[in-house]
Amino acid sequence: MATDVQIEDSWKEVLKEEFEKPYFLQIRDFLKNEKNNERIIYPPGSLIFNAFNITPFNDVKVVILGQDPYHGPRQAMGLSFSVPQGIPAPPSLKNIFKEIQNDLNITPPDHGDLSYWADQGVFLLNAMLTVQKGMAGSHHKIGWQTFTDAVIQTLSDHKDGLIFLLWGRFAQSKAPLINQLKHHVLESAHPSPLAGNRFFDNHHFSRTNELLLGQGQSPIDWRLIG
């Protein structure tokens, strides 16, 4: 069954045991059933593993953890917080761009496609990889958290010096999966306007680059090219 999963080869290798487990087969059966019942699921099937396909396991340097894909038309693209070019940036993403401007004096871009970050090793992982159209949180209980918890655990176990950006209580609840003796965890409030202004002035973007440089790695260019 694992060979049927359309995911980048290095991820397929490190996660091969997960793809054979009953819970993962149940996820697949659930999504097939939803499709058969003509329910609209976001993101499209080809983009469910987009974060993995753009950022191979061997290239991951930074992890930004989100919760659900966007549930509006054409928004979800398989990268946490990201929307395709031509789609207005949602409020949380606008606040992320504001903090980058405050932190690094980078002018907010005119689009919200974060693929350029992913190309540099920023793994943009949502805890749930799918959602039903117009129904936030609708796939919380189908097994995705078991899978993405295993992804976080695998990153923690098999890599060193990663920087995890955990924004908000949900993301911070994943901290026990991370070995903080060999990785860096930066926490703050969620960028959503519902969190007030508590996300601002966390300086996570400059701090991430300082940590990368301190480990002899290239920093992230937080501008969005293109």
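Residues numbered from 1 in each chain as written. Predicted model: local features only at pLDDT ≥ 70, side-chain atom pairs only at ≥ 80, totals over all residues. Heavy atoms only, no water.

A.B. asks: Sorry if this is basic, but what is going on with the packing of aromatic side chains here?
C.D. replies: For any pair of aromatic rings, geometry is given as the distance between the ring centres together with the angle between the planes. With the rule as written, the count across this model stands at 21 aromatic pairs. Measuring from ring centre to ring centre gives 4.9 Å for Trp117 and Trp222, while their planes differ by 85°; the resulting arrangement is edge-to-face. With Trp117 in helix 6 (residues 115-119) and Trp222 in the segment after helix 9 (204-214), this residue pair connects regions lying 105 residues apart in the sequence. Classification of Trp222 as buried rests on a relative accessible area of 3%. (Phe/Tyr/Trp six-rings, centres within 6.5 Å; stacked < 30°, edge-to-face > 60°. Helix = DSSP H or I, 4+ residues; strand = E, 2+ residues; numbered from the N terminus. Buried < 20%, exposed > 50% of the residue type's maximum accessible area, 1.4 Å probe, protein only.)

A.B. asks: Can you walk me through unusual backbone geometry in this structure?
C.D. replies: Most peptide bonds take the trans form, and the phi angle of most residues other than glycine is negative. A cis amide bond links Tyr42 with the next residue in sequence, Pro43, at an omega value of -10°. Residue placement: Pro43 occurs in the loop between strand 1 (41-42) and helix 4 (50-54). Its identity is not glycine, yet Arg74 carries a phi of approximately 65°, on the positive side. Here Asp201, not a glycine, exhibits a phi torsion of approximately 70°, which is positive. Following the sequence through the fold, Asp201 ends up in the loop between strand 6 (184-188) and helix 9.

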